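Listed below, chain by chain, are the residues.
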Amino acid sequence: PAKKESILEPSARNALNSDGLGGFFVGTTADKFAANQIILSSRYKYHKLSSSLGTSFHSTEKGSVSTFESSVNWVGKWAEWSATVPIHDWNLSAPRTFGGYADNNTGLGNMKLGWKATYLPDRSYYRFAYGAVTTITTGNPDKMLPAGSKNSDELKLFGCVTTRETDRATGNLELGTVIDSEGEDDRFIYRFGLSYEATEHVSVIGEIAGEIQGGDDKDSLDMVIGLRLAPNSTFSLEFAWYRNLRTYRLYGWDDQLQAGYTLRW
């Protein structure tokens, strides 16, 4: 019989994540796309602001953030290269929490440039990959702070392993570190995910995504559940719900909704 190209067969789960690399909704996987193609992806995210550094807003305070991300990914023979540009629209009225702060703005967020090595060979039931993502302060980051942008550059170094659990189930673990250019927000990251191919065209994906910043409980943890629908091999839709389980974000939230698409060229 003809030898399979990979132990990880293409399915509806294969699309771009928030870093613009092949992966689940948040985590990067070791899945490989066919070489010499361009992949385009866009995602819309929405959440209501509800806390600051783990402390809930007062009852009269509120805010929300809408984000539209666009990614382009070039798949080579041994690596992926990507660029992701976010546009944010936010409003916030939290005078007691932030000392009279009430404002709104629309503009460019911090751009991401990603790279993932895909040349590592298949093993018996798993594959490794590694790479880097750099976040660059673009536009006016000070005006985009409530949307999650920062006024410092960051470098994320990561490694991941994707395993074939069954004919329908695929597991993934990503570990890495984020180095902040100002040295004040260095942190360790982890993402654990599992996808299940419900049908030939539908994948159900669940993820746990966390970040740990030193000690003193300065960490965040999100649960992500969603679907990817692929009517054909070149186009897919995705819908996801994020639930915050633990937060140490300056502008925190409880729930986030996401919808998007991925198109292979």
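Keep in mind that what you see is a predicted model, and the values were worked out from it rather than measured.

Enquirer: Outline the overall build of the protein chain, supporting the account with residue identities and numerical values.
Expert: Scanning the protein chain from N- to C-terminus turns up 1 helix and 16 strands. Residues counted as buried form 47% of the 265 residues belonging to the protein chain. Counting only contacts in the protein chain whose residues sit at least 6 apart along the sequence, the fraction spanning at least 24 positions is 57%. If you sum the accessible surface of the protein chain, you get close to 12,800 Å²; carbon and sulfur atoms cover 58% of it. Each charge sign in the protein chain was given a centre, from 27 positive and 32 negative side chains, and these centres are 5 Å apart.

Enquirer: Describe the pairing of strand β14 (residues 219-229), and please don't skip the residues or the numbers.
Expert: Pairing of strand β13 (residues 202-212) with β14 involves 11 bridges; the strand directions are antiparallel. Looking at β14, one finds that Ser 203 is bridged to Arg 228. Note that β14 and strand β15 (residues 235-246) share 9 bridges and pair antiparallel. If you follow Leu 229 over to β15, its bridge partner there is Leu 237. Between β14 and the antiparallel strand that follows it, β15, lie 5 residues.

Enquirer: An account of the side chain of Ser 236 is requested, with residue identities and associated values reported.
Expert: Its place among the elements puts Ser 236 in strand β15. Judged by relative accessible area, Ser 236 falls into the buried class, the value being 6%. Apart from residues lying up to four places away in sequence, Ser 236 is in contact with Asn 14, Ala 15, Leu 229, Ala 230, Gly 260, Tyr 261 and Thr 262.

Enquirer: So what about the environment of Ser 42? Which residues, and what values?
Expert: The topology assignment puts Ser 42 in strand β3 (residues 37-52). Residue classification places Ser 42 among the buried positions, given a relative accessible area of 7%. Separated by 217 residues in sequence, Ser 42 and Ala 259 place their C-alpha atoms 8.6 Å apart. Apart from the residues within four sequence positions on either side, Ser 42 is in contact with Phe 68, Glu 69, Ser 70, Ala 259, Gly 260 and Tyr 261. A polar contact is formed between the side chain of Ser 42 and the side chain of Ser 70, at a distance of 3.4 Å.

Enquirer: Which residues make up unusual backbone geometry, and what are the values?
Expert: If you check the backbone angles, Asn 36 has positive phi at about 60° while not being a glycine. Topologically, Asn 36 is positioned in the loop between β2 (22-23) and β3. We note that Leu 53 has phi near 50°; this positive angle belongs to a residue other than glycine. Position of Leu 53 relative to the elements: it lies in the loop between β3 and β4 (55-56). Of the residues examined, Leu 53 reaches a relative accessible area of 39% and is grouped as partly exposed.

Enquirer: A description of the pairing of β3 should follow, citing residues and the corresponding values.
Expert: Sheet topology places β3 next to strand β5 (residues 62-75); 12 bridges connect them, and they run antiparallel. Following the sheet pairing, Ser 41 is matched in β5 by Ser 71. In this structure, β3 lies alongside strand β16 (residues 252-264), joined through 11 bridges in antiparallel fashion. From the neighbouring strand, Ser 42 faces β16, where its bridge partner is Tyr 261. Pairing of β3 with β4 involves 2 bridges; the strand directions are antiparallel. Directly across from Ser 52, in β4, lies its bridge partner Thr 55. Hairpin connection, β3 to β4: the antiparallel pair is bridged by 2 residues, and Leu 53 has positive phi, about 50°.

Enquirer: I'd like a description of the packing of aromatic side chains, backed by residues and values.
Expert: Scanning the entire structure with this criterion turns up 11 aromatic pairs. Both rings, one in Phe 57 and one in Phe 98, keep their centres 6.1 Å apart while their planes meet at 85°; by these two values the pair is edge-to-face. Of this pair, Phe 57 sits in the loop between β4 and β5 while Phe 98 sits in helix α1 (residues 95-98); the two residues are 41 residues apart in sequence, bridging distant segments of the chain. The class of Phe 57 is buried, set by a relative accessible area of 11%. Each ring, one from Phe 98 and one from Tyr 251, has its centre 5.0 Å from the other, and the planes form 20°; the classification is stacked. Within this pair, whereas Phe 98 is found in helix α1, its partner Tyr 251 is found in the loop between β15 and β16, the two being separated by 153 residues in sequence. Accessibility expressed as a relative area gives 12% for Tyr 251, which makes it buried. A cation over a ring is seen here: Lys 156 above Phe 158, with NZ or CZ 5.3 Å from the ring centre. Across from the ring centre of Phe 25, 4.9 Å away, lies the NZ or CZ of Arg 228, which sits over that ring.

Rules used in this analysis
Residues numbered from 1 in each chain as written. Predicted model: local features only at pLDDT ≥ 70, side-chain atom pairs only at ≥ 80, totals over all residues. Heavy atoms only, no water. Helix = DSSP H or I, 4+ residues; strand = E, 2+ residues; numbered from the N terminus. Buried < 20%, exposed > 50% of the residue type's maximum accessible area, 1.4 Å probe, protein only. Contact = heavy atoms within 4.5 Å. Areas by Shrake-Rupley, 256 points an atom, 1.4 Å probe, with all protein chains shown as cover. Lys, Arg positive; Asp, Glu negative; His and termini not counted. Charge placed at Lys NZ, Arg CZ, Asp CG, Glu CD. Pairing = 2+ DSSP bridges. Polar contact = N/O pair within 3.5 Å; in protein donor to acceptor, adjacent residues only side chain to side chain. Phe/Tyr/Trp six-rings, centres within 6.5 Å; stacked < 30°, edge-to-face > 60°. Lys NZ or Arg CZ within 6 Å of the ring centre and 35° of its normal.

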